[in-house]
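Chain by chain, the residues:
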Amino acid sequence: MKKVITCIVCPVGCTLTVYEENHQIIVEGNQCKRGQEFGEKEYIRPMRILTTTVKIKGSLHKRLPVMSDGEIPKDQLTQCVQALYKISVQAPIIRGDILVKDICHTGINIVASRSMKAD
Ligand code: SF4
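Residues numbered from 1 in each chain as written. Predicted model: local features only at pLDDT ≥ 70, side-chain atom pairs only at ≥ 80, totals over all residues. Heavy atoms only, no water.

A. The packing of aromatic side chains, seen in detail. Overall, the coordinates contain 0 aromatic pairs when judged by the stated rule. Between Lys55 and the ring centre of Tyr85, over which it is positioned, the NZ or CZ distance is 5.8 Å. (Phe/Tyr/Trp six-rings, centres within 6.5 Å; stacked < 30°, edge-to-face > 60°. Lys NZ or Arg CZ within 6 Å of the ring centre and 35° of its normal.)

See the structure below:
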């Protein structure tokens, strides 16, 4: 099965065509090696860094920006976002604080993207 994918590794945004032939993954349309790697990964199992916000208590702001400290399988992103929607953290928070360990058994942690003082 051929997949047409936009490479998101750099701003050039090459259009990649990825398919399997003789048990090998073929990537076409990439202008560099990074696109080859991205195309292969994307074909086998797409992964993404998760960025979203969570509720925070005791701060001037109502939501805290958070991100994953590694890539999460794309097909588990919705499940992770839903899990994060249910949590609430308490200020103060320091950027990089681990807020959720091993989110949805992915082995990846969710960390604060910025610090937030208590009000
Ligand atoms: S294939 Fe290379 S040049 Fe093209 S978008 Fe990907 S990283 Fe950039």
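B. How the structure looks around the pattern of salt bridges. Taken as a whole, this structure holds 3 salt bridges when the rule is applied. Notably, a salt bridge pairs Glu71 with Lys41, separated by 2.9 Å at the nearest N-O pair. A residue pair is termed long-range when its members are at least 10 positions apart, and Glu71 in the loop between strand S6 (63-68) and strand S7 (72-73) and Lys41 in helix H1 (residues 33-44) qualify at 30 residues. Asp75 is paired through a salt bridge with Arg45; the nearest N and O atoms lie 3.3 Å apart. Here Asp75 is found in the loop between S7 and helix H2 (77-85), whereas its partner Arg45 is found in the loop between H1 and strand S4 (47-48), with 30 residues between them in sequence. On the basis of relative accessible area, Asp75 is assigned to the exposed category, the value being 59%. Residue classification places Arg45 among the partly exposed positions, given a relative accessible area of 40%. (Salt bridge = Lys/Arg side-chain N within 4 Å of Asp/Glu carboxyl O. Helix = DSSP H or I, 4+ residues; strand = E, 2+ residues; numbered from the N terminus. Buried < 20%, exposed > 50% of the residue type's maximum accessible area, 1.4 Å probe, protein only.)

C. Quick look at the sheet that holds strand S3 (residues 24-28). The antiparallel open sheet is built from 3 strands, whose spatial order is S1-S2-S3. On the outer flanks of this sheet lie strand S1 (3-6) and S3, each paired with one strand and no other. In this sheet, neighbouring strand axes are inclined to one another by 30° on average, regardless of whether the strands run parallel or antiparallel. Contacting S1, strand S2 (15-21) and S3, H1 crosses the sheet at an angle of about 125° to S3. (Pairing = 2+ DSSP bridges. Axes fitted to C-alpha atoms, helices over the stretch in contact; angles between N-to-C directions. Contact = heavy atoms within 4.5 Å.)

D. Here's a closer look at unusual backbone geometry. In the segment running from Ala91 into Pro92, the intervening peptide bond is cis, with an omega of 5°. Turning to its location among the elements, Pro92 is positioned in the loop between strand S8 (88-90) and strand S9 (98-100). Despite not being glycine, Asn22 shows a phi value in the positive range, around 50°. Among the secondary structure elements, Asn22 is positioned in the loop between S2 and S3. For Cys104, which is not a glycine, the phi torsion comes out positive at approximately 50°. Tracing the chain through its elements places Cys104 in the loop between S9 and strand S10 (110-112).

E. Just H1, in detail. With 12 residues, H1 extends 17 Å from end C-alpha to end C-alpha; this agrees with the ideal 16 Å at 1.5 Å per step. Residues Gly35, Phe38, Gly39, Glu42 and Tyr43 constitute the buried set of H1. Seen along its axis, H1 keeps its buried residues to an arc of 125°; they face one direction. Turned more than 90 degrees away from the buried face of H1 sit Lys33 and Ile44, all of them exposed. Tucked inside the fold, the buried residues of H1 contact S1, S2, S3 and S4. (Expected span 1.5 Å × (residues − 1). Arc of directions from axis to C-beta.)

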